[in-house]
Amino acid sequence: MHEYAIARGVVESVRDFSLKSGCGVRSFRVLVGELSMLDTSVLREALERLIAASAVKGAEFSIEIEPAMISCGSCGHTMTFGEAISGLSEEEREMIHFLPDLIASYAACKWCGSLDLRIVSGRGVSVRDVVCVEG
Amino acid sequence: MSYASRDSGGRLDYRDSLIEENIGKISQIILVTGGKGGVGKSLIAATAALMLSRASNRTGLLDLDLHGPSSCLLLGVEDNPVESGEGLVPPVVEGLKVMSIDLFSKGRPLPLTGQAKEEIVKEMLALTAFGRLDYLLVDMPPGTGDELLTISKYVKRSGGAIVITTPTHLAVNVAGRLIDILRSASLKIIGLVENMSTSDPESPTKELARAKGVAFLGEIPFDPLLSSRSGRLGRDELLSTRFADALKHVLRNAGLSVD
């Protein structure tokens, strides 16, 4: 549900970029980190609705999932999203959905057991490659 | 002014505009900070927030002591934040809206790198739906690292800091360095507070206040009841301590509406 708040931030940041740079926005990409476990259909619907009512009306966007990679700061072992969250309950996953960096509070290195987990990729949401309207 | 940023990789941070919007709804943001650990920042932040809320101010408390959050324990907050279209709605006790990492970590260890802490501070500022507030008190961690540097960037216009120290040269030394950092970040310094005071006229706290040109807001005496029962006192008990009486004077001196 907080996908709506995130969508608001995305549209505002694109609008701010448009105002500052003086360019109309043709398109942009939204990268969603796998660890955030956001509902991309809800995010897409919110973005469509907000864009249609904004100063960047008409801008197109794509949503792509960025795979998560988590490395152990102690032994260097790297884990995929599936490996890292395996065995976690629904409630524990929800806490990581809110704050992805809490992966280290809920999971441990599958190789050495250390809690020193670092997110290499696939953390949260970012807006990339804003393309301006030519002319 | 907008905080929207664009790095060399053409990446926009969606949180900047949400943070700007959220902070724009808050009249005054007060960082309760001190540099040194164990000087009483958390207890002062939580108690002050409760007093302000009881005095009919719309008040929030944001616990940014990410490695050792204690606001929920001090105030008896147990409910989860509620997910909504506005973000995460914080639980409320006596009108006070409380947000803490502990509402998500549930007492588990918090092994966080500097980068992780910066991300969490931004996320909490962007996604916590405090709504309109008269005061947001921020319980800052010991040290002058990522949490302080990250939030300082956002609260320059509506923010200020109350610096807590104990009357020891060690704590005062760290408080002095903190004041320099706050000034360099263009943050208003509301004043300096001496906690666990022994009312020694030779206290280095007043000397620091003079040397740095910072207001001295007052002394809070050492209260043995708090050292033995802190975190296990009910809210009414907490507000009836000698500590709370002295803190009320300090808050009045800081110009806050506690009556």
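Everything below is about the structure shown above.
A few points on the structure. (Residues numbered from 1 in each chain as written. Chains lettered and ligands numbered in written order. Predicted model: local features only at pLDDT ≥ 70, side-chain atom pairs only at ≥ 80, totals over all residues.)

## Details of the overall build of chain A
- The secondary structure content of chain A amounts to five helices and six strands.
- Shown N-terminal to C-terminal, the secondary structure of chain A runs as helices and strands in the order α-β-α-β-β-β-α-α-α-β-β.
- The principal-axis extents of the C-alpha atoms in chain A amount to approximately 55 × 25 × 20 Å.
- Relative to its full complement of 135 residues, chain A shows a buried share of 44%. (Helix = DSSP H or I, 4+ residues; strand = E, 2+ residues; numbered from the N terminus. Buried ≥ 20, exposed ≤ 12 C-beta atoms within 10 Å, placed from the backbone.)

## Some points on the interface of chain B and chain A
- Contact residues are listed per partner, giving 32 residues for chain B and 32 residues for chain A.
- Looking at the side of chain B that touches chain A, the element that brings in the most residues is helix α5 (residues 114–127) of chain B, giving six residues.
- For the side of chain B that touches chain A, the class distribution of residues is 14 nonpolar, eight polar and ten charged.
- Looking at chain direction, strand β6 (residues 125–132) of chain A and strand β1 (residues 11–12) of chain B are connected through two bridges and run antiparallel. For Val127(A), the partnering residue across the bridge sits in β1(B) and is Leu12(B). (Contact = placed C-beta atoms within 7 Å. Nonpolar A, V, L, I, M, F, W, Y, C, P; charged D, E, K, R; others polar. Pairing = 2+ DSSP bridges.)

## Focus: the sheet that holds strand β3 (residues 69–72) of chain A
Residues and elements named next belong to chain A.
- If you trace the three strands from one edge of the open sheet to the other, you get β4-β3-β5, paired in antiparallel fashion. Each edge of the open sheet carries a strand with a single partner, namely β4 (78–80) and β5 (117–121). Within this sheet the neighbouring strands show an average axis-to-axis angle of 30°, counted without direction.
- Summarising the sheet, β3 and β5 pair through four bridges and their orientation is antiparallel. By the bridge assignment for β5, Ile 70 is matched with Ile 119. (Axes fitted to C-alpha atoms, helices over the stretch in contact; angles between N-to-C directions.)

## Description of helix α4 (residues 90–98) of chain A
- Of all the positions in α4(A), only Met95(A), Ile96(A) and Phe98(A) are classed as buried. The buried residues of α4(A) occupy an angular sector of 160° when projected down its axis, which confines them to one face.
- On the buried face of α4(A), the contacting elements are α5 (103–106) of chain A together with β5 (87–89) and α4 (102–105) of chain B. (Arc of directions from axis to C-beta.)

## Side note on the nonpolar core
- Val10(A), Val14(A), Ile103(A), Val32(B), Leu137(B), Val138(B) and Val163(B) are the most contacted members of the largest nonpolar core, which totals 127 residues.
- With nine residues, the single largest contributor to this core is helix α2 (residues 41–54) of chain B.
- Filtering out sequence-adjacent residues up to four positions away, Val14(A) remains in contact with Val25(A), Phe28(A), Val56(A), Ala59(A), Val127(A), Val130(A) and Leu12(B). (Core = buried A, V, L, I, M, F, W, Y, C linked by C-beta atoms within 7 Å.)

## A short note on the environment of Leu137(B)
All names here are of chain B.
- Position of Leu 137 relative to the elements: it lies in strand β8 (residues 133–139).
- Assessed through the 29 C-beta atoms surrounding it within 10 Å, Leu 137 is described here as buried.
- The sequence separation of Leu 137 and Ile 30 amounts to 107 residues, and the corresponding C-alpha distance is 4.9 Å.
- The contact partners of Leu 137, leaving out residues within four places of it in the chain, are Ile 30, Val 32, Ala 45, Ala 48, Ala 49 and Leu 61.

## Details of the pairing of strand β1 (residues 25–33) of chain A
Residue and element names in this part refer to chain A.
- Bridge count between β1 and β6: six bridges; the pairing is antiparallel. The partner of Val 25 across the bridge, within β6, is Cys 132.
- Judged from the seven bridges that link them, β1 and strand β2 (residues 60–66) form a sheet pairing that is parallel. What sits directly across from Val 32, in β2, is Ile 65.
- Tracing the backbone out of β1, into helix α2 (residues 40–52) and back to the parallel element β2 gives a crossover that is right-handed. (Right-handed = clockwise from strand over helix to strand, strands pointing away.)

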